[in-house]
Amino acid sequence: MKIPTVLVAPMAGGPSSPELVSAAARAGSLGFLAPGGGPASTLVGWMSQVEGDYGVNLFAKQKPFDSLIDVRRVAAELAPGEPLPEVDYSNEWDAKFAAILAAEHPPVVVSSTFGPFAPEEIDALHERDIAAWITVTTPEDAVTAAEVGADALVVQGPDAGGHRSTWTVEEEPDSRPLEELIRAVAERTHLPIVAAGGVRGKGDVDKLVQLPHVVAVSCGSAFLLADEAGTSPANRELLAAGGQSVASRAFSGRVARGLATDFSRTHEDMPAIYPYLSPLVSGLRKADPVGNAYCLVGTDVAKLSGGSVAEILRRLGPHQGVVY
């Protein structure tokens, strides 16, 4: 398939709106719907609204915790007296996957985060002429992704905003810089690579596309302030004010990168309790939306700027697409 050099990465939680993804298509790029842990019905609605080629990113199923000791300890601190929230470890993966296969206007690519597709799922995507990309953060995961039949790898480095795509909640992410990580992955597999994490300008794109097997660069945070993005007004204000981004479990219970807050600074030792943390801290976020903010973003926040998707893409380009 032919893909643009610069892609608009999936950003769950609102920014990757159908308007953003449609604008990316009109500008010659490829954007991704990002339902995250939300319901399959939301994805169905979004797919019916998107115009042009698009992708979808899915959160893989999570293995249920063997013990809830850490969850109960955090709950006693953050929401004393409240029952533990009900969570969906499945992320409605099966329902979303079925909706994609049944879509009248299906995506051209489906990517996975937090784990790989099964080989039979990749076969099902291929039957509908949909490519299967798998997000990896280690060379070992890249090898597994190749073995199950992935068409391409999204190699995500530590500067990326949002969740780091480790395949278990508990594991610590690989800390190697993106370029070093890509070279390590390229030594283990010959699959095409989409580089992701920390891209802020044309120079970053130019440098990454020279690395082995890199066919495209995925940019997420660069589009958080785009006119068409579904980024909330509150988060737009926080991003415009700037600040340091940190990688921490204090945002969701998984390692994710976002704007440092009072909460992240005082909970640096948050255990791996995703997806329980967000509902446990929801009351605190409503009471103090700045001190307890949930604003996921990559490094170099000061370099983010607004404008239309087309304008931001022009600042990152121009680049021709590639066939792989």
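Residues numbered from 1 in each chain as written. Predicted model: local features only at pLDDT ≥ 70, side-chain atom pairs only at ≥ 80, totals over all residues. Heavy atoms only, no water.

As annotated in an unreviewed UniProt entry, the protein carries the name Propionate 3-nitronate monooxygenase and comes from Corynebacterium testudinoris. Per UniProt, the protein carries the Catalytic activity (unreviewed entry) text "3 propionate 3-nitronate + 3 O2 + H2O = 3 3-oxopropanoate + 2 nitrate + nitrite + H2O2 + 3 H(+)". Here is the UniProt Sequence similarities (unreviewed entry) comment for the protein, exactly as written: "Belongs to the nitronate monooxygenase family. NMO class I subfamily." (UniProt positions renumbered as here; feature names shortened; annotations may be inferred.)

Before going further, it helps to spend a moment on the overall build of the protein. From N to C terminus, the protein includes twelve helices and 13 strands. For a compact globule of 324 residues, the expected C-alpha radius of gyration is about 20 Å, and the protein comes in at 19 Å, within 12% of that figure. Along the longest, intermediate and shortest principal axes, the C-alpha atoms of the protein span 55 × 45 × 40 Å. The proportion of buried residues among the 324 residues of the protein is 56%. Expressed as a percentage of contacts within the protein between residues at least 6 apart in sequence, the contacts between residues at least 24 apart total 65%. Surface summary for the protein: the accessible area is close to 13700 Å², and the carbon and sulfur share equals 51%. Across the protein, the 25 positively charged side chains and the 40 negatively charged ones have centroids separated by 5 Å. (Helix = DSSP H or I, 4+ residues; strand = E, 2+ residues; numbered from the N terminus. Rg over C-alpha atoms; globule rule 2.2 N^0.38 Å. Buried < 20%, exposed > 50% of the residue type's maximum accessible area, 1.4 Å probe, protein only. Contact = heavy atoms within 4.5 Å. Areas by Shrake-Rupley, 256 points an atom, 1.4 Å probe, with all protein chains shown as cover. Lys, Arg positive; Asp, Glu negative; His and termini not counted. Charge placed at Lys NZ, Arg CZ, Asp CG, Glu CD.)

Moving on to helix H4 (residues 93-102). When we look at burial in H4, the residues that qualify are Trp93, Lys96, Phe97, Ala99 and Ile100. Viewed along the axis of H4, the buried residues span an arc of 160 degrees, placing them on a single side of the element. For H4, the secondary structure elements touched by its buried residues are helix H2 (40-49), strand S4 (55-59), strand S5 (109-113) and helix H5 (119-127). (Arc of directions from axis to C-beta.)

Let us look at the sheet that holds strand S11 (residues 245-248). Within the open sheet, the three strands sit side by side as S8-S12-S11. Their pairing is antiparallel. Edge strands, defined here as strands with exactly one partner in the open sheet, are strand S8 (162-163) and S11. Inspection of the sheet shows S11 paired to strand S12 (residues 256-259) by four bridges, in the antiparallel sense. What sits directly across from Ser248, in S12, is Ala256. (Pairing = 2+ DSSP bridges.)

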